[in-house]
Amino acid sequence: MDTSEVAAMLNMSTSWVYREASKLELKGYKLGRGRNAKVLYKRTEIFKWLEQQKVH
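Below is a short write-up of the structure. Small disclaimer: the values here were computed from a predicted structure and weren't measured.

Now for the pairing of strand E2 (residues 38-41). Burial along E2 is one-sided: the residues Val39 and Tyr41 are buried and none of Lys38 and Leu40 is. By the bridge criterion, 4 bridges tie strand E1 (residues 28-31) to E2 in an arrangement that is antiparallel. Residue pairing for E2: Lys30 is matched across the bridge by Val39.

Turning next to the side chain of Asp2. Assignment of secondary structure puts Asp2 in the segment before helix H1 (3-10). In terms of polar contacts, Asp2 uses its side chain to reach the side chain of Ser4, at 3.0 Å. Excluding anything up to four places from it in sequence, Asp2 contacts Lys38, Val39 and Leu40.

What counts, and where the lines are drawn
Residues numbered from 1 in each chain as written. Predicted model: local features only at pLDDT ≥ 70, side-chain atom pairs only at ≥ 80, totals over all residues. Heavy atoms only, no water. Buried < 20%, exposed > 50% of the residue type's maximum accessible area, 1.4 Å probe, protein only. Helix = DSSP H or I, 4+ residues; strand = E, 2+ residues; numbered from the N terminus. Pairing = 2+ DSSP bridges. Polar contact = N/O pair within 3.5 Å; in protein donor to acceptor, adjacent residues only side chain to side chain. Contact = heavy atoms within 4.5 Å.

Given below as structure tokens:
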């Protein structure tokens, strides 16, 4: 999933995803070089993080 898809799924902004990804232990995979490189995230890692956020 790219950053905008993750942001839409979490109902957050893309800048929030970029800023908080490392704190949330979401590893981004950079495709390309420079400022315009696309960052992708594994769907399974996102769902794993969401599962950890459950309120019991």
